[in-house]
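# Structural description and commentary
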Amino acid sequence: MTTTTDPRPLDDAFFADPDALYRVLRTEAPVSRVVTTMGLTVWLVTRYADARPALNDARLAKSGSGFATVLEKQGIENRARFADSLVGHMLNTDPPDHTRLRKLVSRAFTVRAIAAMRPRITALAEELADAMTGDEADLLDAFAFPLPMTVISELLGVPPEHREDFRGWSNTLLSAGEPETRTAAAGAMAQFLSQLVADKAAHPGDDMLSAIVRAAEDGDSLSHTEVISMAFLLLVAGHETTVNLIANGMRALLQHPDQAALLRADPALVPNAVEEFLRYDGPVNLATLRFSTQDVEIGGTTVPAGEVVLVSLIGANRDPERYERPTELDVTRDARGHLAFGYGIHHCLGAPLARLEGEIAFRTLLSRFPAMTLAADPRSLTWRESTLIHGVTSMPV
Ligand code: HEM
């Protein structure tokens, strides 16, 4: 079956409550066309049973001339150009390049390697909590952003003075906005990372970026621009998402005091709760762009070759066919199998780090701030206008 109805536009309400649309689509048109805010027509996959195999389907590729071809076909001028040095990373490539790039850093992100970071992450979380002394704070500024940003920056060896700049560029790049603003942010980011990589080459340290630079110098395993792209991906993926695991999860708890009470009574439940936060209101709404290299049948619908496919992780994680009472927060449920970290060869490399940061963040916030409440009506919060990142711009508590 090929859908012939007009594609639906994604509107502003979509960013605050994407599942409102997914609820309708999962039953009426589980694989159907929508138009994104940048005017791109894409195929949206909303059911768990279709989403999981689609994420791991080699015919839905990442690289090549896919994006340029689609834009041209749809008559969209690609005005917001990413600097070339930022795009050659593993999340934009297929095997064998993907395999080569991922292998270079995968050992640093195993559960075991990451476990060694527990004392440092705990100390950081305590320090941030110590600094939250007033009656009111923005949980994003005071805790949810600085924790993962500091952790990934220390791991890679990014000096502290540039972290706020980086946050601004990264936010701009991942949100819908003026193409000129996004191009400028990409340029600033590329220049910053290029300088950073040059510094690491001149003065290597005991950090991951120095190790990657050394690997590039030692052989032909990766090029100079691939080093910059890798740094870009690790820094952006390493904080944008975890920030919203912490913020979305805390907001869910503050709106469900019974669930917070369960966790305070039994902190050993926290790792299980982290999986539930990821399932219930995960930081990634739609997975990154995939391009059909041939006609592909998904859930009974044929997606023609040369189209963009977006897999809805939030839609899959709230599919009643997969999870009972999907719109209920239940920190005791078995949420495993959720797709918040994606699936298949691009499954999140940083998942062990994100899980550890999440566990420590929730333990710390729950124990240090037993009387925390939301200081704003949840309906008044402003949502990021991003199809990728699902989260608010500030969260007064
Ligand atoms: C890939 C989610 C934290 C690094 C992904 C993907 C998702 C995801 C959904 C796959 C996207 C796709 O297939 O289109 C998350 C969430 C996080 C998180 C929800 C936090 C709660 C992190 C952290 C890092 C990281 C802390 C650390 C550096 C990466 C990398 C990839 C990736 C490198 C690309 C993997 C590949 O292409 O093989 N992440 N992520 N992520 N993530 Fe994460």
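All of these numbers come straight from a predicted model, not from anything done at the bench.

## Considerations on the coordination of the iron atom of the ligand
With respect to protein ligation, the iron atom of the ligand binds only Cys-348 (SG), at 2.3 Å. Mapped onto the elements of the fold, Cys-348 is located in the loop between α16 (313-317) and α17 (351-368).

## Details of the environment of Arg-163
Tracing the sequence through the fold places Arg-163 in helix α10 (residues 163-173). On the basis of relative accessible area, Arg-163 is assigned to the buried category, the value being 13%. On a C-alpha basis, the gap between Arg-163 and Pro-146 in space is 8.8 Å, while along the polypeptide they are 17 residues apart. Sequence-distant contacts of Arg-163, that is, excluding residues within four places in its chain, are made with Phe-145, Met-149, Thr-150, Ser-153, Glu-154 and Val-158.

## Some words on helix α7 (residues 118-131)
Spanning 14 residues, α7 covers 20 Å between terminal C-alpha atoms, matching the ideal 20 Å at 1.5 Å per step. Buried within α7 we find Ile-121, Leu-124, Ala-125, Leu-128 and Ala-129. Buried residues of α7 fall within an arc of 135 degrees about the axis and therefore sit on the same side. With respect to the buried face of α7, the exposed residues turned more than 90 degrees away are Pro-119 and Ala-131. Of the surrounding secondary structure, the elements contacted by the buried residues of α7 are α8 (139-144), α9 (146-156) and α17.

## Things to note about unusual backbone geometry
Pro-96 follows Pro-95 through a cis peptide bond whose omega is 5 degrees. The phi dihedral of Arg-325 falls on the positive side, at around 40 degrees, and the residue is not glycine. One can find Arg-325 in the loop between α16 and α17.

## Quick look at the pattern of salt bridges
Per the stated rule, a full pass over the model turns up 23 salt bridges. A salt bridge links Asp-19 to Arg-318, with the nearest nitrogen and oxygen atoms 3.8 Å apart. In this pair, Asp-19 sits in helix α2 (residues 18-28) while Arg-318 sits in the loop between α16 and α17, placing the two residues 299 residues apart along the sequence. Looking at Asp-19, the relative accessible area reads 1%, which means it is buried. We classify Arg-318 as buried; its relative accessible area is 11%. Here Glu-154 makes a salt bridge to Arg-120, at a shortest N to O gap of 2.7 Å. A residue pair is termed long-range when its members are at least 10 positions apart, and Glu-154 in helix α9 and Arg-120 in helix α7 qualify at 34 residues. Classification of Glu-154 as partly exposed rests on a relative accessible area of 35%. Among the ionic contacts, a cluster of salt bridges with common partners joins Asp-19, Arg-23, Arg-26 and Arg-318.

Calculation criteria
- Residues numbered from 1 in each chain as written.
- Predicted model: local features only at pLDDT ≥ 70, side-chain atom pairs only at ≥ 80, totals over all residues.
- Heavy atoms only, no water.
- Donors = N, O, S within 2.8 Å, 3.2 Å for Na, K, Ca; no water.
- Helix = DSSP H or I, 4+ residues; strand = E, 2+ residues; numbered from the N terminus.
- Buried < 20%, exposed > 50% of the residue type's maximum accessible area, 1.4 Å probe, protein only.
- Contact = heavy atoms within 4.5 Å.
- Expected span 1.5 Å × (residues − 1).
- Arc of directions from axis to C-beta.
- Salt bridge = Lys/Arg side-chain N within 4 Å of Asp/Glu carboxyl O.

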